[in-house]
Amino acid sequence: MLTIKLADDAATEALGARLAAEAARQPGGVVYLQGTLGAGKTTLARGWLRSLGVAGAIRSPTYTLIE
């Protein structure tokens, strides 16, 4: 397990974008995000998806289930 502490949402989104760039170099991999509610999983995924050109709303599946 890897633990990374990031300063804020912008840093988390930037990490997501960097991971997307690395994943594009080696397609076919799987990324598994695990964490408590509010850990930043959706924020990281948002950075990843924005770097791939996704412009629409990116919502947390956990939030949707709870709501």
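Because the structure is predicted, anything quoted here is derived from the model rather than measured.

**Here we look at the environment of Leu37**
Right, so step 1: Among the secondary structure elements, Leu37 is positioned in the loop between α1 (9–25) and α2 (41–51).
Right, so step 2: Once you skip the residues sitting within four places of it in the chain, Leu37 turns out to touch Thr62 and Ile66.

**Focus on the packing of α1 against α2**
Between two packed helices, both the angle of their axes relative to each other and the distance between the axes serve to describe the pair.
Right, so step 1: Taken N-terminus to C-terminus, the directions of α1 and α2 make an angle of 50°; their axes are 7 Å apart at the nearest point. Judged on the interaxial angle alone, α2 and α1 are oblique. The two elements α1 and α2 meet at a crossing, and its hand is right-handed. Contact with α1, carried on its side by Asp9, Thr12, Glu13, Leu15, Gly16, Ala17, Leu19, Ala20 and Ala23, involves Thr43, Leu44, Arg46, Gly47, Trp48 and Ser51 of α2 and no other residues of that element.
Right, so step 2: Looking at the contact of α1 with α2 residue by residue, the classes come out as seven nonpolar, five polar and three charged.

Rules behind the numbers
Residue numbering note: each chain is counted from 1, following its sequence as written. For this predicted model, a pLDDT threshold of at least 70 governs which residues receive local features, and a threshold of 80 or more governs which side-chain atom pairs are given and counted, while totals over whole chains, interfaces and linings are taken from all residues. The basis for every side-chain value is the complete set of heavy atoms in the structure, and neither hydrogens nor water enter the calculation. Secondary structure elements follow DSSP: runs of H or I no shorter than four residues count as helices, runs of E no shorter than two count as strands, and numbering proceeds from the N terminus. When checking whether two residues touch, look at their non-hydrogen atoms; a contact exists if any pair is within 4.5 Å. Axis lines are fitted to C-alpha atoms, over the contacting stretch for helices. Their N-to-C directions set the angle, which ranges from 0 to 180 degrees. Roughly parallel refers to an angle under 35 degrees, roughly antiparallel to one over 145, roughly perpendicular to one between 65 and 115, and oblique to any angle outside these ranges. The crossing is said to be left-handed when, going from far helix to near helix, the turn is anticlockwise and less than a right angle, and right-handed when the turn is clockwise. For this classification, Asp, Glu, Lys and Arg are treated as charged, while Ala, Val, Leu, Ile, Met, Phe, Trp, Tyr, Cys and Pro are nonpolar and the rest, including Gly, are polar.

These results come straight from atomic positions and should not be treated as a statement about function.
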